[in-house]
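Analysis of the macromolecular model
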Amino acid sequence: DPYAKDPIRHVALRPANMKPFNAEVSPALLCESFLTPNDLFYVRNHLPVPEVDPATFELEIEVEGTRKTVSFTLEELKKFPKATITATLMCAGNRRTEMTKVKAVKGLSWGPCAIGTATWSGVRLRDLLQKVGVTDDEETLKHVQFEGLDFDVTANQYGASIPLWKAVDKRGDVILAYEMNGVPLPPDHGYPLRVVVPGVAGARNVKWLGKIVVSQQESSSHWQQNDYKGFCPSIDWNNADFSTAPAIQEMPVISAICRPAEGDVVKVENGFINLKGYAWSGGGQKIIRVDVTTDGGKTWQIAKLDDQDAALPPRHWAWTLWSARIPVDPKLKEVEIWCKAVDSCYNTQPESFENIWNFRGVLSNAYHRVKVKLGQ
Ligand code: MTE
Ligand code: MO
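All of these numbers come straight from a predicted model, not from anything done at the bench.

1. Overview of the site of ligand 1
- In the neighbourhood of ligand 1, 20 residues make up the surrounding shell, with Tyr42, Asp150, His189, Arg194 and Lys207 lying closest.
- Between Arg194 and ligand 1, the recorded distance is 2.7 Å, taken from a side-chain N or O atom to an oxygen atom.
- The separation between a nitrogen atom of ligand 1 and a polar main-chain atom of Asn205 is 3.0 Å.
- Computed on the free molecule, ligand 1 has an accessible area of 530 Å², of which 100% lies beneath the protein chains in the complex.
- Looking at the shell around ligand 1, the elements that each hand over two or more residues are strand S3 (43-44) and strand S8 (143-151).
- Tallied by class, the residues present in the shell around ligand 1 amount to 10 nonpolar, 6 polar and 4 charged.

2. As for the sheet that holds strand S21 (residues 334-343)
- Taken together, 5 strands build an open sheet; the order of strands is S15-S22-S21-S17-S18 and the sheet is mixed. Since the sheet does not close on itself, it has two edges, and those belong to strand S15 (265-267) and strand S18 (301-302), each with one partner.
- Relative to strand S22 (residues 368-375), S15 is paired through 3 bridges, and the arrangement is parallel. Bridged to Lys267 within S22 is Gly375.

3. Regarding the sheet that holds strand S5 (residues 68-73)
- Strand order across the open sheet formed by 5 strands is S5-S4-S13-S8-S9, with mixed pairing between neighbours. Two strands lie at the open edges of the sheet, namely S5 and strand S9 (157-163), each paired on one side alone. Neighbour-to-neighbour, the strand axes of this sheet turn through a mean angle of 20°, independent of strand direction.
- Alignment of S8 against S9, held across 6 bridges, turns out to be antiparallel. Bridging across to S9, Phe146 finds its partner in Ala160.

4. Considerations on the pattern of salt bridges
- Considering all chains together, one arrives at 15 salt bridges under this definition.
- Between Arg259 and Glu32 there is a salt bridge, with the nearest N and O atoms lying 3.0 Å from each other. Within this pair, whereas Arg259 is found in strand S14 (residues 254-259), its partner Glu32 is found in the loop between helix H1 (27-30) and S3, the two being separated by 227 residues in sequence.
- The class for Arg259 is partly exposed, based on a relative accessible area of 36%.
- For Glu32, a relative accessible area of 48% corresponds to the partly exposed category.
- Between Arg95 and Glu98 there is a salt bridge, with its nearest N and O atoms 2.8 Å apart.
- Arg95 gets classed as buried once you look at its relative accessible area, which sits at 0%.
- Shared partners join several salt bridges into a network, and the residues in it are Asp6, Arg9 and Asp188.

5. Overview of unusual backbone geometry
- That bond from Arg259 to Pro260 is cis: its omega, -5°, falls within 30 degrees of zero.
- With respect to the helices, strands and loops of the structure, Pro260 is situated in the loop between S14 and S15.
- The peptide bond linking Pro313 to Pro314 adopts the cis configuration, its omega dihedral lying at 5°.
- One non-glycine residue, Arg95, lies in the positive phi region at around 70°.
- By the element assignment, Arg95 lies in the loop between strand S6 (82-90) and helix H3 (96-100).
- In this structure, Leu363 is a non-glycine residue whose phi angle is positive, near 55°.

6. Quick notes on the domain arrangement of the chain
- According to the domain assignment, the chain consists of domain 1 (14-244) and domain 2 (254-375).
- Averaged C-alpha coordinates put domain 1 and domain 2 at centres separated by 27 Å.
- With 48 residues of domain 1 at the interface, the matching set in domain 2 holds 36 residues.
- Counting across the interface, domain 1 meets domain 2 through 3 salt bridges.
- For Asp173, the salt bridge goes to Arg315, with nearest N and O atoms at 2.9 Å.
- Where the side of domain 1 that touches domain 2 is concerned, the elements lending two or more residues are H1, S6, H3 and strand S7 (115-124).

Thresholds applied
- Residues numbered from 1 in each chain as written.
- Chains lettered and ligands numbered in written order.
- Predicted model: local features only at pLDDT ≥ 70, side-chain atom pairs only at ≥ 80, totals over all residues.
- Heavy atoms only, no water.
- Near = heavy atom within 4 Å.
- Polar contact = N/O pair within 3.5 Å; in protein donor to acceptor, adjacent residues only side chain to side chain.
- Areas by Shrake-Rupley, 256 points an atom, 1.4 Å probe, with all protein chains shown as cover.
- Helix = DSSP H or I, 4+ residues; strand = E, 2+ residues; numbered from the N terminus.
- Nonpolar A, V, L, I, M, F, W, Y, C, P; charged D, E, K, R; others polar.
- Pairing = 2+ DSSP bridges.
- Axes fitted to C-alpha atoms, helices over the stretch in contact; angles between N-to-C directions.
- Salt bridge = Lys/Arg side-chain N within 4 Å of Asp/Glu carboxyl O.
- Buried < 20%, exposed > 50% of the residue type's maximum accessible area, 1.4 Å probe, protein only.
- Domains from an automatic or database assignment.
- Contact = heavy atoms within 4.5 Å.

Structural data, given as structure tokens:
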């Protein structure tokens, strides 16, 4: 069993799959804290967790055309200035289960909790690339490829890439992290080194990072080429041509109601109910507003933005936790609550899943709707 050495996980992580391990916590637990505790952070593995010895670990960097590969030990990497960012990481398939209700899709059935926020510390990728002679002025090289140290039995290896501009831009904030929330990365999250590409789909944040290739091409990996892409609702497995769609990088604006959860009995206090949730947008955009409704959008209430990082767009990488106290008709036995967020580009979420449905079930960011029963 290639998964026999996988780490022990927290019981609150509810698996969508065991081998490879994929899990998320409950919405109520997720919105408890602005920084997600490491052992409650969603896990998305495509392969077994590799065992990497930090003493012999070396990160290789290859720059195409130079025919030279440079290596850095963990100790050498830690000698670079230490940078810390607060960033939300989200799987491009977060909230996929809701999209499935329109029509079946292929992918893990994620609820709304394939997302989390942490402080990540490590070396700026920009500093490291500068050290090996790759700068902002680069004209021929266009992509930075990342190779993970995780393999399966067929020697299939995890990999992904990002555009070079994001890696070398002063405002890109891409870091090779060796710490998560102030402690060494846990095995499930990439020990000893992972790339954190803030504002960009989880899939590009390669864990157990072993090699970087600065190249004219994107990563040739399955996950860059034939997965994590969006398509027209009329396209399915039978007629999809993956080469026609770009790989997902920056993520669109999304939000979710965490409390109450679907089916909960909610106490009405003096005609009001209390809500809590998260909102986030990719590309360094900040959440400027969250709207909620209990009457199908006839009237909207503005939620309170409780917890938000101070960083300005386009370098605002973390989610916003919000709450609302909204009136409900006391005669009703049941209400459906909706939420939608607006980011600093004034982009907002689509109303329903029908017209954003795609056969991989990614970019699933329609209004979040939660049906609850009212109690006194
Ligand atoms: N990196 C490697 N090496 N192997 C993987 O399977 N999964 C990716 C990404 N990096 C993956 C990886 C995906 S799809 C996501 S959503 C994030 O890691 C999940 O990161 P987490 O498990 O730390 O939450
Ligand atoms: Mo993912």
